[in-house]
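Below are the chains, spelled out letter by letter.
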There are 2 protein chains.
Amino acid sequence: MEATREKVMELATRIYELDGEVYRCLGSSLGRVYTGSRTDCIEGLARLMCSGRTAYLLRSELALVGNMARTIPDKDDCARVMDTYNALLREVQSLPESFGTVDIQDKERIRLNQVNLRERFSENDHLVICIGRSQGCAGTDIGFALADALKINFYDTEIFNSVLKRLQAEQDQVPDSTGSDVFSFQPSGKKHSSLRQWLQTVDRYHGLPKEDAVFFNQSDLICQMAKKEDFIVMGRCADMILANNRIPHISVFITAPFELRVQRMMETHGLDHRHAARLLKKLDRRRGRYYRFYTGLEWGSPINYDLCLNSASYGIEKSVELIARMINRQLPPPEQK
Amino acid sequence: MEATREKVMELATRIYELDGEVYRCLGSSLGRVYTGSRTDCIEGLARLMCSGRTAYLLRSELALVGNMARTIPDKDDCARVMDTYNALLREVQSLPESFGTVDIQDKERIRLNQVNLRERFSENDHLVICIGRSQGCAGTDIGFALADALKINFYDTEIFNSVLKRLQAEQDQVPDSTGSDVFSFQPSGKKHSSLRQWLQTVDRYHGLPKEDAVFFNQSDLICQMAKKEDFIVMGRCADMILANNRIPHISVFITAPFELRVQRMMETHGLDHRHAARLLKKLDRRRGRYYRFYTGLEWGSPINYDLCLNSASYGIEKSVELIARMINRQLPPPEQK
């Protein structure tokens, strides 16, 4: 304990002296963080260093000394002072009662996060990017373009249905309750028209309602695919399906401000503002409900994805570049136009 | 119009034939997307190509052909077919009524977004990274570490107060209503104890309440700094202040699942679960209120930032790496340990 006290006093003194050194190099009292008497300042520093929960204040004070030091005009002086600063910072951080960093990690997520993984294994695992997106934010276009840029496969509702249809003669083609099927040729509003029909359907899918059967078929397919190939999957709660099956992947959510999405909907679907806004809300609600139903989590909340992207801050092309950059290193750069 | 019809039919035929070619290369009927009669398939393709709002279905079908083509075992065949595929895709995209991409862009945001900017100018503008974060997600540690890695300055509430204190003899030291001041030596709960005192304070700050004066002083400082140096700024609604003043920057929001943040709070502040959870909620609420009050926007919603990060998916070190990678190209890589 005494040894620590001694160490703390020594560090406090060195911090105080570093501050003085920065001040001398800058030749301005504005560059000085500790302006009281030497003894008081050092005592104060020592107290802060051992204060546990308020030690972060010391971290800020040190950062301020660092900020000042970086403005030293003489390059040699600056480099020397910054070296001292960095060494001091590390020593203070290693004190038990100081602001030593407590990390935040979801061990399971980190284990499954391919952004981390790809630096360790690179070739041993398949790259699976799960993209959730709000309606009208160009998320699907970003997905298509990203798949093209990375030269990997792309799966959305339509493709899943198509693949499942061929893989399972039994597969029913009922469009499920999310995604773009609102515009498809078979309107999705149709429900089982009678109790008898409903029971027949449930019966056919081992006691599951048809939508659930579609969901579980798709889930199986996603997990199988992830063992065999690199791909991008749009929606389908693929992120949670893969996480639950302990399969590495990256989860990205793409969205954009409501008004911009409305504008884009108006353009892509030839709607007026009122109809576009209404449709947008409806489709967002539907996706949110689907995600909540199958995952129990809040759709579009940053805590449920590795990364959220505001596509309106970048546009489609730059969004693709940004995601590609996020997973880069071992990956080919996005295709040049 | 007739010319377009001709073009559409030609493209539809080429798509149909490409699909057949993929099928031949794969030697399996599973690889075939269009299985009906040639005439029907081509007619269907042509219809879809001109259908505007449902044309995205064609995009999915084409992606499926592409997915299949990528599995062709013979490398030469695969490359040849993929070339044909890419050329076709571009031609179809350029049709007026097809799924040609409508971009999503907030022109102002894009103009101010340094991730975009740095590729154009690289040295002419200063790098300003605005980090918002929920309590307990290690956002501050990520900010500190990122500033160290990028060798740029770091500003948080404490440092701002300290800088302002020195810049303005008049500057009042009242901690404002967000940030970590809950743990500071001067409890922030204290309010103006009487109407008279309140009036005095308002008077002193040109008719503004004290908190607003602090906010506007900080805002000025942030804008001034952004013209002179690279830095990271924590909170302070800096993203919106800079956007309103048309100063380029990058806005990042960092958060993590609630339970993980509670665990971390327990460790960093030596609290039990109940107290940590309660404090966390209180501080999140306070930050949300502050942001809403000064920006009118929802704090922590992905639409208000360029990027949102789940720190628990990476941990502090990898989060720093990820942000550094996002803005890389012209920037030095994060410091190696």
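Everything discussed here concerns the structure shown above.
Just so it is clear, the structure is predicted and the values come from calculations on it, not from any experiment.

**Student:** Help me out: how do you make sense of the interface of chain A and chain B in this one?
**Tutor:** Quite often, the size of an interface is put as the accessible area lost when its parts meet. Taken residue by residue, the interface counts 87 residues in chain A and 87 residues in chain B. Its salt-bridge partner being Asp148 of chain A, residue Arg70 of chain B comes within 3.8 Å of it at the nearest N-O pair. Here chain A and chain B share 23 residue pairs in polar contact (both at pLDDT 80 or more) between them. Ranked by residue count, the leading element in the side of chain A that touches chain B is helix α3 (residues 55-70) of chain A, at 10 residues. Residues that form the side of chain A that touches chain B fall into these classes: 41 nonpolar, 23 polar and 23 charged. The sheet contact formed by strand β5 (residues 307-310) of chain A and strand β5 (residues 307-310) of chain B spans three bridges and is antiparallel. When the bridges of β5 of chain B are listed, Leu307 of chain A appears paired with Leu309 of chain B.

**Student:** Honestly, the packing of helix α8 (residues 157-167) of chain B against helix α10 (residues 210-226) of chain B in this entry has me stumped. Any pointers?
**Tutor:** Packed helix pairs are characterised by how far apart their axes lie and by the angle those axes make with each other. Residue and element names in this part refer to chain B. Relative orientation of the contacting elements α8 and α10 amounts to 90 degrees, with a least axis distance of 11 Å. Accordingly, the angle class assigned to the pair α8 and α10 is roughly perpendicular. Residue-level inspection shows Phe160, Asn161, Val163, Leu164 and Leu167 of α8 in contact with α10, the latter providing Asn217, Gln218, Leu221, Ile222 and Met225. Counted by class, the contact of α8 with α10 contains seven nonpolar, three polar and no charged residues.

**Student:** Which parts of the structure should I look at to understand the sheet that holds strand β3 (residues 231-234) of chain B?
**Tutor:** Hydrogen bonds along the backbone pair up the strands of a sheet, which may run parallel or antiparallel. As summarised here, the arrangement of the 10 strands in space is β2(A)-β3(A)-β1(A)-β4(A)-β5(A)-β5(B)-β4(B)-β1(B)-β3(B)-β2(B), forming an open sheet in which the pairing is mixed. Each edge of the open sheet is held by one strand with a lone partner, namely β2 (153-155) of chain A together with β2 (153-155) of chain B. The sheet shows a mean angle of 20 degrees between the axes of neighbouring strands, taken without regard to direction. When strand β1 (residues 128-133) of chain B meets strand β4 (residues 250-255) of chain B, the two strands line up parallel, connected through five bridges. Among the inter-strand pairings, Arg133 of chain B is bridged to a residue of β4 of chain B, identified as Ile254 of chain B.

**Student:** Looking at this structure, how should I read the pattern of salt bridges?
**Tutor:** As a working rule, side chains carrying opposite charge can pair if their charged atoms are close by. Across all of its chains, the model carries 30 salt bridges over all chains by this definition. Note that Arg5 of chain B and Glu43 of chain B form a salt bridge whose closest N and O atoms lie 3.4 Å from each other. Of this pair, Arg5 of chain B sits in helix α1 (residues 2-26) while Glu43 of chain B is found in helix α2 (residues 38-49), placing the two residues 38 residues apart along the sequence. Assessed through its relative accessible area of 37%, Arg5 of chain B is described here as partly exposed. Judged by relative accessible area, which is 30%, Glu43 of chain B ranks as partly exposed. Among the ionic contacts, a cluster of salt bridges with common partners joins Lys7, Glu10, Arg14 and Glu91 of chain A.

**Student:** Honestly, the relation of the copies chain A and chain B in this entry has me stumped. Any pointers?
**Tutor:** Applying a rotation about an axis and a shift along it to one chain copy brings it onto the other copy. Under the fitted operation, chain A is carried onto chain B by 0.0 Å of movement along the axis and a turn of 180 degrees, and the coordinates agree to an RMSD of 0.1 Å. This pairing of chains is accounted for by a two-fold axis. Relative to the rotation axis, the closest C-alpha in chain A is found at Cys308 of chain A, a distance of 2.4 Å.

Definitions and limits used
Residues numbered from 1 in each chain as written. Chains lettered and ligands numbered in written order. Predicted model: local features only at pLDDT ≥ 70, side-chain atom pairs only at ≥ 80, totals over all residues. Heavy atoms only, no water. Contact = heavy atoms within 4.5 Å. Salt bridge = Lys/Arg side-chain N within 4 Å of Asp/Glu carboxyl O. Polar contact = N/O pair within 3.5 Å; in protein donor to acceptor, adjacent residues only side chain to side chain. Helix = DSSP H or I, 4+ residues; strand = E, 2+ residues; numbered from the N terminus. Nonpolar A, V, L, I, M, F, W, Y, C, P; charged D, E, K, R; others polar. Pairing = 2+ DSSP bridges. Axes fitted to C-alpha atoms, helices over the stretch in contact; angles between N-to-C directions. Parallel < 35°, antiparallel > 145°, perpendicular 65-115°, else oblique. Buried < 20%, exposed > 50% of the residue type's maximum accessible area, 1.4 Å probe, protein only. Least-squares fit on C-alpha atoms with pLDDT ≥ 70 in both.

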